[in-house]
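Commentary on secondary and tertiary structure
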Amino acid sequence: MFPAPRVARRSATAAAIAVVVAGLSACGGAQEETAPQAAPAATGAPQDFPRPEGRSLADLEDQMPEGPILSPSVTVLDPGRNRYGFGLFDTARKQLRGAKVALYLSRSDGSGLRGPFVARSESLKVGPQFQSRQTAQDPDTTNNVYVADVDFPSAGAWALTAVARLDGRLVRTGPSGVKVGRKGSGPPEVGDPAPRVHTPTVQSVGGDLESIDTRVPPLKSLHQHDLAEVLGKDPVVLVFATPQLCQSRVCGPVVDVAAEVQDRYGRDVRFIHMEIYRDNDLSKGFRSQVAAYRLPTEPWTFVIDRQGIVRERFEGAFSVGELERAVAKVR
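This section reports on the structure supplied with the text. As the structure is a prediction and not an experimental result, all values here were calculated from the model. (Residues numbered from 1 in each chain as written. Predicted model: local features only at pLDDT ≥ 70, side-chain atom pairs only at ≥ 80, totals over all residues. Heavy atoms only, no water.)

**What about the nonpolar core?**
If you look at the biggest cluster of nonpolar residues, it comprises 26 residues, and the most contacted ones within it are Val-237, Val-261, Leu-323 and Val-327. Residue assignment for this core shows that the elements contributing at least two residues are strand E10 (236-240), helix H5 (251-265) and helix H7 (320-328). Excluding its chain neighbours within four sequence positions, the residues that come into contact with Leu-323 are Val-237, Val-257, Ala-258, Val-261, Val-303, Phe-314 and Phe-318. (Core = buried A, V, L, I, M, F, W, Y, C linked by side-chain atoms within 4.5 Å. Buried < 20%, exposed > 50% of the residue type's maximum accessible area, 1.4 Å probe, protein only. Helix = DSSP H or I, 4+ residues; strand = E, 2+ residues; numbered from the N terminus. Contact = heavy atoms within 4.5 Å.)

Set out below in structure tokens:
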């Protein structure tokens, strides 16, 4: 996971600006019929990294020194191809950017080395009009996420190691153990029907927007629709996130990304932000909607088509471009 947050209380100033919606209208603002952002190029090419054939993880480790720290943004993995998001940090916990990066997969004992799965760098930046106060004022906010498409041959225990080219030399992370589960045991998957649950709206809470949104300022535009009423009728982007109480520190950026994409596609697609904790209180546990979607972490985002089928899902951080490309599948 990306670094854990410093949980701060909302100030009186935050409460005073709670009704401000940063210029975004309830219908999603100005709508521009533009193509989604293209996927960024990979940070490197396979030939930039060691070949895995006939080698073990120990062989790879012997080739280069250990350097950065691998911080994954995903925990739920299935057999087959998975979007694996992660950050790289130095020992001072400063995020590394601009490097050529690839992942290698091995069994937990280091055998069966596979790769390189070359990563791309996805920016988490949004336009200033879409940025929350939490994101703007947090000096440790994550600005980008590396993403690699990794093929896991089977369920079970595996290890991932990142290799990066920094200052002209290859360095590696220590192996990160991952558990690949069996399909159907976690949150709704691509191709599954999205669970029909009621989500609170501005109207259902009598205008008390702060009770259903910990973002500063809260976004009225993301609380206009009850999922139970629009599911199976309209395309939906459903974002489970808690910007003020997030354990992964990427909830704020994720909601900001949703706000920017809603501004472009909100006429055709219903965007819904769902908080995580009852009464926005960590001690009270998860809201019922979180339990219905079987979410072990936060944030999670589901892109759902007009038939109520999940067509894309994201655990953790993602970029404007990634969400736009997912929305393009269901418009």
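**So, the state of the cysteines**
This model, assessed by the stated rule, comprises one disulfide. Between the sulfur atoms of Cys-246 and its disulfide mate Cys-251 the distance is 2.3 Å. Taking the sign of the torsion about the S-S bond as the criterion, the disulfide between Cys-246 and Cys-251, at about 65°, is right-handed. The class for Cys-246 is buried, based on a relative accessible area of 2%. (Disulfide = S-S within 2.5 Å.)

**Quick word on the side chain of Ser-319**
By the secondary structure assignment, Ser-319 is in the loop between strand E13 (310-315) and H7. With a relative accessible area of 2%, Ser-319 lands in the buried category. Within the local environment of Ser-319, its side chain forms a polar contact with the side chain of Glu-122, the two groups lying 2.6 Å apart. Beyond its immediate sequence surroundings of up to four residues, Ser-319 is in contact with Glu-122, Ser-123, Leu-124 and Val-257. (Polar contact = N/O pair within 3.5 Å; in protein donor to acceptor, adjacent residues only side chain to side chain.)

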